[in-house]
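Listed below, chain by chain, are the residues.
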Amino acid sequence: MVTGFLSLFLIDWEANNVAKTILDGNLVSKAIREDLKKRVDLLKEKNVTPCLATILVGDNPSSETYVKMKGNACAKIGMESIRIHLPENTSTEELLEKINELNENPKVHGILLQHPVPAHIDERLAFESISIKKDVDGVTSMGYGQTALGFGKYPACTPAAIMEIIRYYQIPIAGKHAVVVGRSPILGKPVSALLLNDDATVTTCHSKTTNLESILSQADIVVAAVGKPNFILGDWLKEGAVVLDAGYNKGNVGDVDYDSCYEKASAITPVPGGVGPVTISMLLKHTVIAAEEM
Ligand code: NAP
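Residues numbered from 1 in each chain as written. Predicted model: local features only at pLDDT ≥ 70, side-chain atom pairs only at ≥ 80, totals over all residues. Heavy atoms only, no water.

Identification of the chain as Bifunctional protein FolD from Alkalihalobacillus trypoxylicola is taken from an unreviewed UniProt entry. Per its UniProt entry, the chain bears the Sequence similarities (unreviewed entry) comment "Belongs to the tetrahydrofolate dehydrogenase/cyclohydrolase family." Comment text from UniProt for the chain, heading Function (unreviewed entry), reads "Catalyzes the oxidation of 5,10-methylenetetrahydrofolate to 5,10-methenyltetrahydrofolate and then the hydrolysis of 5,10-methenyltetrahydrofolate to 10-formyltetrahydrofolate." (UniProt positions renumbered as here; feature names shortened; annotations may be inferred.)

In structure tokens form, the structure reads like this:
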């Protein structure tokens, strides 16, 4: 695998001689997808084509775009995808029935239910009904539990992407203080668990955290998973912190204020082109692993 040393090309020098690394998600993603393409070709020789099924309920335009991007990414590396688009008024029972069909379809290796579903649907029940073997986005409580215990095969894709970026750029984790801002089940909680599993000392912050700025000022690694544009400011960070911005808000804006955080950080993910592309690659990777293991 191409290592993070390629990042040297992306380093520039500030007046104060602090090296800045742009953590380039497209580069990480390219390396993952090149490897996956070879694995898909090998599987096809055995008459297995990895297949991801995506389910979209309703007509949320952003969700439609995400689902399309996932299908297109599958096609580019020779995988199959099945796109299921259910109407807004789908009931929980109808959705569960559809998920069950996919659970039982031997051609389907991974199932992704696009979040959020319309409010009248019991999203948790729907997530829980995905077979653990096909839960390639780590949304079931069993998948989350296995991730937290350190033997999960398919952690949620955005947390997995953040860890992949850290590994690619060979950023040390053990003993570092990682501060995660956000505790959602798909992002903040699982990424906290993954960082802890890799021996970071982890603080998870949320909307009731009272001294966020002071906690962030001690962070060696910052993960932003807040859902608020430009929320984390450079002034709050320790000089040389590594900043991973999972946020994706209207206008292609992350959860960190990029310009001011760039000044303080030693390494930072841009938005777009940071965590986003790697998230899709991790979804492909988990589906390929599921096909290899089936
Ligand atoms: P979410 O479910 O809305 O969770 C947001 C979290 O931020 C919650 O835990 C909330 O705390 C916390 N929070 C809100 N205001 C805060 C404040 N003032 N101080 C500290 N914490 C605060 O969002 P999500 O689904 O985790 O997504 C987070 C971001 O990541 C969004 O920008 C989303 O678009 C993005 N995202 C990106 C990808 C990707 O592939 N790049 C994938 C998924 C999500 P409480 O728990 O107390 O409410």
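> Before we move on, could you go through the packing of aromatic side chains and cite the residues and values that matter?
Enumeration over the complete set of coordinates arrives at three aromatic pairs. A ring pair is formed by Phe 231 and Trp 236, whose centres lie 5.8 Å apart and whose planes are at 85°; its orientation type is edge-to-face. Residue classification places Phe 231 among the partly exposed positions, given a relative accessible area of 26%. Measuring from centroid to centroid gives 5.9 Å for Tyr 258 and Tyr 262, while their planes differ by 35°, and the two rings are tilted. Of the two residues, Tyr 258 and Tyr 262 are both situated in helix α9 (residues 258-264); the distance of four residues between them amounts to about one turn of the helix. Across from the ring centre of Tyr 262, 5.6 Å away, lies the NZ or CZ of Lys 20, which sits over that ring. (Phe/Tyr/Trp six-rings, centres within 6.5 Å; stacked < 30°, edge-to-face > 60°. Buried < 20%, exposed > 50% of the residue type's maximum accessible area, 1.4 Å probe, protein only. Helix = DSSP H or I, 4+ residues; strand = E, 2+ residues; numbered from the N terminus. Lys NZ or Arg CZ within 6 Å of the ring centre and 35° of its normal.)

> Explain the site of the ligand residue by residue, including any values.
Near the ligand lie 21 residues; those nearest to it are Arg 183, Ser 184, Ser 207, Ala 246 and Tyr 248. A distance of 3.4 Å separates an oxygen atom of the ligand from a polar backbone atom of Val 226. Between the ligand and the protein, one listed contact pairs an oxygen atom with a backbone N or O atom of Ala 246 at 3.3 Å. Contact with the protein chains covers 71% of the free accessible surface of the ligand, which is 930 Å². Its residues assigned to classes, the shell around the ligand comprises eight nonpolar, ten polar and three charged. (Near = heavy atom within 4 Å. Polar contact = N/O pair within 3.5 Å; in protein donor to acceptor, adjacent residues only side chain to side chain. Areas by Shrake-Rupley, 256 points an atom, 1.4 Å probe, with all protein chains shown as cover. Nonpolar A, V, L, I, M, F, W, Y, C, P; charged D, E, K, R; others polar.)

> A description of the sheet that holds strand β3 (residues 51-57) should follow, citing residues and the corresponding values.
Taken in spatial order, the three strands make up an open sheet running β4-β3-β5, and their pairing is parallel. The open sheet has two edge strands with one neighbour each: β4 (80-86) and β5 (110-113). Within the sheet, the average angular offset between the axes of one strand and its neighbour, ignoring direction, is 15°. Pairing analysis gives four bridges linking β3 to β5, with the strands arranged parallel. The residue bridging Thr 54 from the neighbouring strand is Leu 112, located in β5. (Pairing = 2+ DSSP bridges. Axes fitted to C-alpha atoms, helices over the stretch in contact; angles between N-to-C directions.)

> Kindly report on the state of the cysteines, identifying the contributing residues and their values.
This structure, assessed with the given rule, holds zero disulfides. In this structure Cys 205 is not part of a disulfide, and its nearest cysteine sulfur, from Cys 261, lies 14 Å away. In this structure Cys 205 comes out as buried when scored by relative accessible area, which is 0%. (Disulfide = S-S within 2.5 Å.)

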